[in-house]
There are 4 protein chains.
Amino acid sequence: MTVIKTIEKPKLKNPIFVEGLPGIGNIGRVAAGYLISELKAKKFAQLHSEHFFPFVMVHDEYRLHLLKNEFYYVKAKKKNQRDIIILTGDCQSLSPNGHYEVATQILEYVEKLGVKDLITIGGLATGELEDKPKTIGAVTDEKVKKKYNKFDIEFDAGERVGYIVGASGLLLGLGKEMGMDGLCLLGETSGFPIVTDPKAAESVLDNLTKILNIDIDMGKLESKVKEMEKFIKKVEDLQKKALNQIAREEKAPVKGKEQLRYIG
Amino acid sequence: MTVIKTIEKPKLKNPIFVEGLPGIGNIGRVAAGYLISELKAKKFAQLHSEHFFPFVMVHDEYRLHLLKNEFYYVKAKKKNQRDIIILTGDCQSLSPNGHYEVATQILEYVEKLGVKDLITIGGLATGELEDKPKTIGAVTDEKVKKKYNKFDIEFDAGERVGYIVGASGLLLGLGKEMGMDGLCLLGETSGFPIVTDPKAAESVLDNLTKILNIDIDMGKLESKVKEMEKFIKKVEDLQKKALNQIAREEKAPVKGKEQLRYIG
Amino acid sequence: MTVIKTIEKPKLKNPIFVEGLPGIGNIGRVAAGYLISELKAKKFAQLHSEHFFPFVMVHDEYRLHLLKNEFYYVKAKKKNQRDIIILTGDCQSLSPNGHYEVATQILEYVEKLGVKDLITIGGLATGELEDKPKTIGAVTDEKVKKKYNKFDIEFDAGERVGYIVGASGLLLGLGKEMGMDGLCLLGETSGFPIVTDPKAAESVLDNLTKILNIDIDMGKLESKVKEMEKFIKKVEDLQKKALNQIAREEKAPVKGKEQLRYIG
Amino acid sequence: MTVIKTIEKPKLKNPIFVEGLPGIGNIGRVAAGYLISELKAKKFAQLHSEHFFPFVMVHDEYRLHLLKNEFYYVKAKKKNQRDIIILTGDCQSLSPNGHYEVATQILEYVEKLGVKDLITIGGLATGELEDKPKTIGAVTDEKVKKKYNKFDIEFDAGERVGYIVGASGLLLGLGKEMGMDGLCLLGETSGFPIVTDPKAAESVLDNLTKILNIDIDMGKLESKVKEMEKFIKKVEDLQKKALNQIAREEKAPVKGKEQLRYIG
């Protein structure tokens with residue numbers, strides 16, 4: 001049960017798809033969030049899934065909502081720009097097979113909207129503080145790399161990490177099987193326990209805006225990321241608490257001799 | 001495989017749905033149980049699911065039954081009252097995705113009976129003994145809050161906990177997506193290891209009876225809760241024992257050198 | 001994916017269903033095995049499931065087979081006897097929800113063969129060595145108890161254990177929902193680490209043969225159980241080894257600084 | 001969701017199916033890999049599954065792909081040879097039930113290509129360094145053993161290990177139920193932490209080439225295995241890292257008093 005609910009069906013011309021969901025350093029999440037805010041992108045669909053955590057968020061003071069991923073769009077404003085679909089959200093799947101199911105549903109949905117090009121955003125944990133974090137790249141195909149060669153992307157993800165976990169990886173891997181071209185942008189970041197890394201997000205956004213031929217004001221990034229961080233940290237903490245609660249309920253011991261009396 | 005078996009199909013007019021299943025302090029479970037008992041609500045359907053624990057209960061001396069959730073109804077007796085559906089039961093899902101499946105099945109079932117308004121009941125663990133436990137609220141929407149503003153509910157669940165786990169949360173989150181209005185009532189309680197908290201249930205029942213315009217005698221609550229506690233504790237203990245048994249079977253070690261001899 | 005393959009479709013008249021699968025003390029497994037052997041029951045179907053362990057057994061020296069449950073039948077030979085279906089097998093489900101799926105498939109299969117009465121056999125672990133182990137009973141309904149009141153069964157399972165895990169429980173709980181009558185016979189046994197308990201099996205078989213109006217020679221029980229024990233222990237050990245192997249593969253640590261380099 | 005994508009549909013005459021996927025000592029994986037390389041077998045299909053790990057590999061420097069199993073074929077070149085289908089790949093299932101699903105899909109796919117004979121390759125961990133590792137065999141049936149009796153295979157797998165885990169076992173167990181004949185070849189190897197064992201693979205390949213009436217140059221085996229080892233080790237390490245990452249995310253503790261504040 002993974003459901004995508006369409007709020008408004010946008011008419012898009014050869015749109016490019018950009019994904020930024022929570023992950024290492026939340027690079028993707030904050031880059032996508034900043035893009036949506038600066039471009040005034042419009043929400044047109046949302047996804048929820050039985051593979052997400054089994055709780056609802058209570059945001060603000062009292063309003064609750066399901067954990068969800070959200071689809072936004074922006075129409076091209078200039079000749080050298082393209083229509084853009086941006087996917088962001090509260091969380092990724094809790095279960096391994098859920099990652100495959102959710103990514104497949106997303107791809108089938110955006111394919112119907114004409115998507116042939118995918119860009120996913122993630123973080124690469126280096127274990128060290130990076131003064132000038134670089135953007136590391138991976139692609140679905142040789143020809144895709146050629147297209148993005150002119151940007152400031154180091155195409156050595158294979159040597160440096162060798163794999164991409166979750167949505168940022170599977171959307172490209174499954175998309176490739178559907179004939180789509182894909183690029184993954186990974187911002188170098190120190191890794192846990194950093195919640196959000198604006199510097200790494202900036203490095204990725206620099207490249208992304210050039211790829212998309214758009215102009216956004218980077219001046220507000222740091223303050224905007226601070227704003228987002230509160231909510232992102234909240235979801236992260238709640239997921240940990242929910243897991244703790246599940247664990248406590250499941251593992252609470254039963255004492256005494258009675259423990260030996262059971263049936264099979 | 002989640003099955004709802006109808007025993008009798010009630011004819012209801014714009015019924016309001018009230019959920020009280022086991023959880024923190026079993027506030028929902030005992031509030032719903034007391035309501036059913038005082039209103040002489042009639043059982044009309046029951047649900048079992050592969051997502052519940054894989055055992056049967058032996059209640060009384062020798063009669064066994066599947067773990068189940070049960071649907072009850074009460075017809076309005078006065079002009080300012082509404083027909084009510086009450087859901088209670090032995091347990092919630094064992095698996096995370098099961099919570100989504102069971103909640104979806106429940107909502108689709110009661111939607112066909114005309115339900116547009118949902119009230120779910122849970123506990124909010126404060127870690128402290130509460131002399132006068134309050135009722136904390138969360139809603140699906142601003143307009144729902146306005147409707148319930150006049151009652152003695154503190155609408156600050158977002159600040160105090162930020163999430164609602166399991167049926168009490170997902171019924172509202174998923175119901176909202178189906179166009180239903182929902183209110184969650186959380187009774188303040190100290191939390192584990194308390195089995196049932198009658199005081200917190202009373203606080204919630206005070207509000208609930210006012211919302212439903214019904215009059216019930218609260219005098220028997222404490223003794224009734226004591227009665228229910230025995231059964232609730234039994235199910236809780238059995239779930240823990242079942243988990244221990246599963247764990248023991250899975251983890252029993254194999255000794256000696258033979259351990260090295262396997263195939264792959 | 002739970003598959004029941006029919007080898008031969010028997011014509012049965014109002015057959016009674018008897019289940020004995022591996023469990024505590026393997027009471028059910030050895031009682032069913034001895035019954036099959038003494039009555040020369042004929043195998044007519046077998047079941048395998050994705051919910052069983054993901055390995056094949058190599059029995060004898062070199063022949064392999066899937067883990068399976070097996071259906072046998074015996075036709076009534078005298079007027080006061082009934083046709084009998086006996087279910088036994090290598091194992092039960094590995095996953096909690098698998099128990100529900102496998103039990104449902106079994107019930108739907110035997111319902112088509114005319115089954116309305118179910119008897120399941122299990123063990124009740126007392127934690128003590130039992131000199132004269134008793135048979136403890138549980139039923140789906142009051143009227144079923146009356147039917148079996150005359151036998152040497154103590155109907156106090158509810159007080160002594162309160163739940164029945166796995167196939168012996170769910171076949172009756174789910175069967176009850178399908179309108180079937182069910183009796184569970186539990187042989188008192190000390191519990192782990194005993195592999196098979198012939199004494200407890202004898203107590204249960206004494207009752208079972210009286211219920212079924214059949215006469216079997218109990219003299220070979222102990223030696224037959226010894227024979228069966230070898231195979232039963234092998235499956236148990238292999239399941240533990242398989243779990244150990246899965247655990248080892250999953251938990252093998254990765255050392256050094258490289259551990260910090262991953263992507264999300 | 002297990003998907004097999006056909007790249008080219010080969011016309012094969014009574015093909016024999018050979019499986020070699022990662023496992024103990026990677027005997028099957030390297031034997032199949034060497035066979036593919038020496039016979040210049042042609043890839044004609046590939047499989048991916050939600051039961052594999054939820055990440056993509058980045059091979060070479062920057063190109064990514066889904067974890068996958070691959071189907072190759074070779075046409076018979078001489079009269080006494082047969083067409084061969086070879087299955088190899090990056091990994092096996094992460095979940096127990098996934099093993100059943102993936103094996104079933106593979107069998108249904110190759111059945112349509114005319115496969116009636118199966119050979120699977122695995123390792124048997126002995127815990128000791130083997131100077132001259134032997135090939136141990138298991139079969140689906142007595143008559144299959146007779147067919148392979150003349151080769152240098154010791155048919156005592158039942159005594160020595162008793163079970164075959166994963167694809168090498170389930171392909172034969174499930175294949176047997178579909179009426180296929182199957183042989184499992186297990187190369188003796190010391191077991192963990194050896195990544196690849198060329199000696200054990202050579203023992204198995206000696207038998208396999210005789211069975212298939214093919215001639216391949218064994219001289220390059222050791223160097224070829226070294227080549228393959230790098231990639232195999234990479235996938236193994238990534239799976240471990242992915243599991244570590246999942247574990248770390250799930251288990252990261254939440255500190256302080258706030259931990260007590262949750263809802264149910």
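What counts as what
Residues numbered from 1 in each chain as written. Chains lettered and ligands numbered in written order. Predicted model: local features only at pLDDT ≥ 70, side-chain atom pairs only at ≥ 80, totals over all residues. Helix = DSSP H or I, 4+ residues; strand = E, 2+ residues; numbered from the N terminus. Rg over C-alpha atoms; globule rule 2.2 N^0.38 Å. Buried ≥ 20, exposed ≤ 12 C-beta atoms within 10 Å, placed from the backbone. Least-squares fit on C-alpha atoms with pLDDT ≥ 70 in both. Contact = placed C-beta atoms within 7 Å. Expected span 1.5 Å × (residues − 1). Nonpolar A, V, L, I, M, F, W, Y, C, P; charged D, E, K, R; others polar. Pairing = 2+ DSSP bridges. Axes fitted to C-alpha atoms, helices over the stretch in contact; angles between N-to-C directions. Parallel < 35°, antiparallel > 145°, perpendicular 65-115°, else oblique. Left-handed = near helix turned anticlockwise from the far one by under 90°. pLDDT = per-residue confidence, 0-100.

Novice: Kindly report on the overall build of chain A, identifying the contributing residues and their values.
Specialist: Within chain A one finds seven helices and 12 strands. Since a compact globule built from 264 residues should have a radius of gyration of about 18 Å, the 20 Å found for chain A is in line with a globular shape. Oriented by its inertia axes, the alpha-carbon framework of chain A measures out at about 75 × 45 × 40 Å. When burial is assessed residue by residue, chain A has 53% of its 264 residues classed as buried.

Novice: Outline the relation of the copies chain A and chain B, listing residues and values.
Specialist: The operation linking the two copies of the chain is a rotation about an axis combined with a translation along the axis. When chain A is fitted to chain B, the residual RMSD is 0.0 Å, and the transformation amounts to a turn of 90° plus an axial shift of 0.0 Å. Expressed as a symmetry operation, the mapping of one chain copy onto the other fits a four-fold axis. Of every C-alpha in chain A, the one belonging to serine 95 of chain A sits nearest the axis of rotation, 7.6 Å from it. Of all interface residues in chain A, a mere 3% are interface residues in chain B too; the two copies therefore contact each other through different surfaces.

Novice: A description of helix H2 (residues 96-112) of chain A should follow, citing residues and the corresponding values.
Specialist: Residues and elements named next belong to chain A. For H2, built from 17 residues, the straight-helix expectation of 24 Å at 1.5 Å per residue is met to within 8% by its first-to-last C-alpha distance of 26 Å. Those residues of H2 lying buried are Pro96, Asn97, Gly98, His99, Tyr100, Val102, Ala103, Thr104, Ile106, Leu107 and Val110. For H2, the elements touching its buried residues are strand S1 (2-6), strand S2 (16-19), strand S3 (42-49), strand S7 (84-89) and helix H5 (167-177). Where H2 terminates, the next one or two residues include glycine 114, which has phi positive at roughly 95°.

Novice: Please set out unusual backbone geometry residue by residue, giving values where relevant.
Specialist: All names here are of chain A. In this model, lysine 40 sits at a positive phi of 50°, which is unusual for a non-glycine residue. Summarising the element assignment, lysine 40 is placed in the loop between helix H1 (27-38) and S3. With a phi close to 50°, aspartate 60 is a non-glycine residue in the positive phi region. Checked against the element boundaries, aspartate 60 lands in the loop between strand S4 (55-59) and strand S5 (63-66). Overall, aspartate 60 belongs to the partly exposed group, with 13 C-beta atoms counted inside 10 Å.

Novice: Tell me what's going on with the environment of phenylalanine 71 of chain D, and back it up with residues and numbers.
Specialist: Residue and element names in this part refer to chain D. Relative to the elements of secondary structure, phenylalanine 71 occurs in strand S6 (residues 69-74). A residue is classified by how many C-beta atoms lie within 10 Å of it, and phenylalanine 71, with 26 of them, is buried. For the pair phenylalanine 71 and lysine 233, spaced 162 residues apart in sequence, the C-alpha to C-alpha distance is 21 Å. Among residues more than four places away in sequence, those in contact with phenylalanine 71 are Lys43, Phe44, Ala45, Gln46, Ile85 and Leu87.

Novice: Describe the interface of chain A and chain B, and please don't skip the residues or the numbers.
Specialist: With 29 residues of chain A at the interface, the matching set in chain B holds 38 residues. Of all the secondary structure elements, the ones that give two or more residues to the side of chain A that touches chain B are S4, S5 and helix H7 (221-251) of chain A. Of the residues belonging to the side of chain A that touches chain B, the class tally is 16 nonpolar, six polar and seven charged. Judged from the three bridges that link them, S4 of chain A and strand S11 (residues 163-165) of chain B form a sheet pairing that is antiparallel. Across the sheet, residue methionine 57 of chain A finds its bridge partner in S11 of chain B, namely tyrosine 163 of chain B.

Novice: Give me the packing of helix H1 (residues 27-39) of chain B against helix H6 (residues 198-212) of chain B: which residues, what numbers.
Specialist: All names here are of chain B. Viewed as axis vectors pointing N to C, H1 and H6 meet at an angle of 55°, and their least axial separation amounts to 9 Å. Classified by the angle between their axes, H1 and H6 sit oblique to one another. Judged by the twist between their axes, the crossing of H1 over H6 is right-handed. Taking contact as the criterion, the partners of Ile27, Val30, Ala31 and Tyr34 in H1 are, on H6, Pro198, Ala200, Ala201, Val204, Leu205 and Leu208. Partitioned by chemical class, the residues of the contact of H1 with H6 number 10 nonpolar, no polar and no charged.

Novice: Explain the environment of glutamate 8 of chain B to me, and be specific about the residues and the numbers.
Specialist: Examined against the element boundaries, glutamate 8 of chain B turns out to sit in the loop between strand S1 (2-6) and strand S2 (16-19). Put simply, glutamate 8 of chain B and phenylalanine 44 of chain B are 36 residues apart on the chain and 4.9 Å apart in space, counted from C-alpha to C-alpha.

Novice: Quick one: what's the story with the environment of arginine 160 of chain C, residue by residue and with numbers?
Specialist: One can find arginine 160 of chain C in helix H4 (residues 157-160). On a C-alpha basis, the gap between arginine 160 of chain C and leucine 124 of chain C in space is 8.9 Å, while along the polypeptide they are 36 residues apart.

Novice: Break down the packing of H2 of chain A against H5 of chain A for me, with residues and values.
Specialist: Residues and elements named next belong to chain A. Interaxial distance between H2 and H5 falls to 9 Å at its minimum, and their mutual angle equals 60°. Overall, the two elements H2 and H5 adopt an arrangement that is oblique. The handedness of the crossing between H2 and H5 comes out as right-handed. Counted together, His99, Tyr100, Ala103, Thr104, Ile106 and Leu107 of H2 and Ala167, Leu170, Leu171, Leu174 and Gly175 of H5 form the full contact between these two elements. Class assignment for the residues of the contact of H2 with H5 results in eight nonpolar, three polar and no charged.

Novice: I'd like a rundown of the pairing of strand S9 (residues 135-139) of chain D, residues and numbers included.
Specialist: Residues and elements named next belong to chain D. Across the five residues of S9, five count as buried, placing the element largely inside the fold. Because side chains alternate across S9, one face comprises the buried residues Thr135, Gly137 and Val139, and the other comprises Ile136 and Ala138, equally buried. Where S9 meets strand S10 (residues 153-154), two bridges bridge the pair, whose relative direction is parallel. When the sheet's bridge partners are listed, threonine 135 is paired in S10 with isoleucine 153. Where S9 lies against strand S12 (residues 181-189), five bridges are found, and the strand directions are antiparallel. The residue of S12 that forms the bridge with threonine 135 is glycine 187.

Novice: Outline helix H1 (residues 27-38) of chain D, listing residues and values.
Specialist: Residues and elements named next belong to chain D. Across its 12 residues, H1 extends 16 Å between first and last C-alpha, which sits within 8% of the 16 Å expected from 1.5 Å per residue. For H1, the full list of buried residues reads Ile27, Gly28, Arg29, Val30, Ala31, Ala32, Gly33, Tyr34, Leu35 and Ile36. Backbone geometry just after H1 places lysine 40 at a positive phi near 50°.

Novice: I'd like a description of the confidence of the model for chain A, backed by residues and values.
Specialist: In low-pLDDT segments, the atomic positions of the prediction should not be examined closely. Residue and element names in this part refer to chain A. Residue-level pLDDT values for chain A average 90, and 92% of them are 70 or greater. For the stretch residues 250-264, pLDDT sits under 50, and the model shows 37 contacts to residues farther than four places along the chain or on other chains. With a pTM of 0.92, the predicted complex shows an ipTM of 0.90.

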